[in-house]
Amino acid sequence: MAPLKLAVPAETISKKLSALTPGFSGADIANACNEAALVAARAGKKAIELEDFEKAIERIIGGLEKKERVLSPKEKERVAWHEAGHAIAGWFLRHADPLLKVSIIPRGSAALGYAQVQPHEQYLYTSEQIQDRICMTLAGRAAEEIVYGVVSSGARDDLERVASYIYAQITKYGMNELVGPLSFRDPEESGETEKTYSQTTAELIDQEARRIAKEAYQRTLALLREKHEQLTAVATRLLEREVLSREDMIELVGARPFPERVSYDGTVTPPPRSSPSLAQATYTPLMNRYHFCIRECATEQDRR
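None of the values given here were measured: they were computed from a predicted structure.

1. Quick word on the overall build of the protein chain
Here is step 1: Each helix and strand counted, the protein chain has 11 helices and 4 strands in total.
Here is step 2: Expressed as a percentage of the 304 residues in the protein chain, the buried residues total 44%.
Here is step 3: Contacts in the protein chain between residues far apart in sequence, at least 24 positions, make up 73% of those at least 6 positions apart.
Here is step 4: Accessible surface for the protein chain amounts to roughly 15,800 Å². Of this, 51% is attributable to carbon and sulfur atoms.

Listed below in structure tokens is the structure:
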């Protein structure tokens, strides 16, 4: 950061960057710094502020804002309810990642809205933690069903991730009682041509996956119906402002009812909470740093 002209001490910036960029390489960090300088220059600033770094990281991970992509009022309203569902579920589920920002501004090539959560380094997950993340991922679709009575194709990406979480629980992490403490190799990953389990086991895996998905969806619907007043408040404010911060969420629905995680000297969310410690650290993280949920409903070929 030495060549950069900063509006705040470099130590403060570096701590914040550390909290927001787990998994970034040195080149990624350099790219974020260069992008922050460009963001500040476009705004006519004489020095780079903390918010410029935050916007730069958001742009690198999520893509450019597509303000020229004009949604119809009905579509924009649906996106707002969808994102409000994710925000409320994440707020009231203990093991969901703390929210930093939720937006209904189209971004990148496909995302019509997104919820940005506090990133953190975690490689091991309990079944309870995975279940909360599944429910949070389903919450956009659940909010649409509660408000409109029907769902849209906007939750496609959410459903793909839910399927990957559930099948990983059953076939990789041994977290299903009926299938048992077994981990099966994925033919696509191992290069094998056939599955390493029988057709009967495959049918059992599919049955359990559907059961887990249905139970998680019903749990999510129940949570959002219980918090319908807060859901409405967040969706309404999103339609008014398009972007809500963590501070806005606290104003609208109150403080999150769980102790928060400290990330890098408490630079993101105090106070501290101890995290679970397990024996091994070899799994791939289940959650991306940022969550971009609603996807464009049709490709160019579909439109033709």
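2. Some words on the confidence of the model for the protein chain
Here is step 1: Scored by pLDDT, the protein chain has a mean of 80; 77% of the residues are at 70 or more.
Here is step 2: Element-level pLDDT for the protein chain is lowest in helix H11 (residues 300-303), with a mean of 40, against a maximum mean of 97 in helix H8 (residues 199-226).
Here is step 3: Predicted confidence is poor over residues 263-304, with pLDDT under 50, and the contacts of this stretch with residues over four places away or in other chains come to 106 contacts.

3. Focus on unusual backbone geometry
Note: most peptide bonds trans; most residues except glycine with negative phi.
Here is step 1: Of note in this structure, Glu 242 is not a glycine but carries a positive phi near 75 degrees.
Here is step 2: Following the sequence through the fold, Glu 242 ends up in the loop between helix H9 (228-241) and strand S3 (243-245).

4. Brief notes about the packing of aromatic side chains
Here is step 1: Following the criterion strictly, the structure yields 1 aromatic pair and no others.
Here is step 2: The positively charged end of Arg 141 is found above the aromatic ring belonging to Tyr 217, 5.8 Å away from the centroid.
Here is step 3: Sitting over the ring of Phe 92, Lys 227 keeps its end group 4.4 Å from the ring centre.

5. Comments concerning the environment of Pro 106
Here is step 1: The topology assignment puts Pro 106 in the loop between strand S1 (99-103) and strand S2 (113-117).
Here is step 2: Measuring from C-alpha to C-alpha, the distance between Pro 106 and Gly 63 comes to 9.6 Å, with 43 residues separating the pair along the chain.

6. Regarding the environment of Ile 105
Here is step 1: Mapped onto the elements of the fold, Ile 105 is located in the loop between S1 and S2.
Here is step 2: Between the alpha carbons of Ile 105 and Val 79 there is a distance of 9.5 Å; along the sequence they are 26 residues apart.

7. Some words on the side chain of Thr 171
Here is step 1: Note that Thr 171 resides in helix H6 (residues 156-171).
Here is step 2: Assessed through its relative accessible area of 11%, Thr 171 is described here as buried.
Here is step 3: Among the polar contacts listed, one links the side chain of Thr 171 to the backbone oxygen of Tyr 167, at a separation of 2.6 Å.
Here is step 4: Those residues in contact with Thr 171 that sit more than four places away from it in its chain are Leu 182, Ser 183, Phe 184 and Ile 205.

8. Things to note about the nonpolar core
Here is step 1: The biggest cluster of nonpolar side chains holds 49 residues, and the ones touching the most others in it are Ile 88, Ile 134, Val 234 and Met 249.
Here is step 2: Core analysis: the second largest hydrophobic core is formed by 13 residues, Ile 13, Cys 33, Ala 40 and Ile 57 among them.

9. Some thoughts on helix H10 (residues 246-253)
Here is step 1: If you check which residues of H10 are buried, you get Arg 246, Asp 248, Met 249 and Val 253. Seen from one end, H10 has its buried residues packed into an arc of 155 degrees, which puts them on one side. Opposite the buried face of H10, by more than 90 degrees, sit the exposed residues Glu 247 and Glu 251.
Here is step 2: On the buried face of H10, the contacting elements are helix H4 (73-92), S1, H9 and S3.
Here is step 3: Note on H10: the residue one or two positions beyond its end, Gly 254, has a positive phi of about 90 degrees.

10. Here's the deal with the pairing of S2
Here is step 1: In terms of residue burial, S2 counts as a mostly covered element, since 5 of its 5 residues are buried.
Here is step 2: Alternating residues of S2 divide into Gly 113, Ala 115 and Val 117 and Tyr 114 and Gln 116, and every residue in both groups is buried.
Here is step 3: The sheet contact formed by S1 and S2 spans 4 bridges and is antiparallel. Among the inter-strand pairings, Leu 99 is bridged to a residue of S2, identified as Val 117.

Each value, and the rule that gives it
- Residue positions are given per chain, counted from 1 along the sequence in the order it is written.
- Totals for whole chains, interfaces and linings use all residues, but because this is a predicted model, local features are given only for residues with pLDDT of at least 70 and pairs of side-chain atoms are given and counted only at 80 or more.
- Each side-chain value is derived from all of the structure's non-hydrogen atoms; neither hydrogens nor water enter the calculation.
- Under the DSSP-based scheme used, a helix requires at least four consecutive residues in state H or I and a strand at least two consecutive residues in state E, with every element numbered from the N terminus.
- Exposure classes here rest on a 1.4 Å probe applied to the protein chains alone. A residue is buried below 20% of its type maximum, exposed above 50%, and partly exposed in between.
- Should any heavy atoms of two residues lie within 4.5 Å, those residues are considered in contact.
- Accessible surface area values rest on a Shrake-Rupley calculation with a 1.4 Å probe, where residue burial reflects the displayed protein chains alone.
- Across the chain, each position has a pLDDT score giving the predictor's confidence in that residue, from 0 to 100.
- Here a pair means two rings of Phe, Tyr or Trp (six-membered ring of Trp) with centres within 6.5 Å. Their orientation is stacked below 30 degrees between planes, edge-to-face above 60, and tilted elsewhere.
- For a ring to carry a charge above it, either NZ of a lysine or CZ of an arginine must fall within 6 Å of the ring centroid while also lying within 35 degrees of the normal to the ring plane.
- Distance and chemistry together define a polar contact, namely a pair of N or O atoms within 3.5 Å, with one atom able to donate a hydrogen and the other to accept it when in protein, and with adjacent residues in sequence counting only for side-chain atoms on both sides.
- Working definition of a nonpolar core: buried Ala, Val, Leu, Ile, Met, Phe, Trp, Tyr and Cys residues. They are joined through side-chain atoms within 4.5 Å.
- Of all possible arcs, the one meant is that of the directions from the helix axis to the C-beta atoms.
- DSSP calls a pair of strands paired once it identifies at least 2 bridges connecting them.

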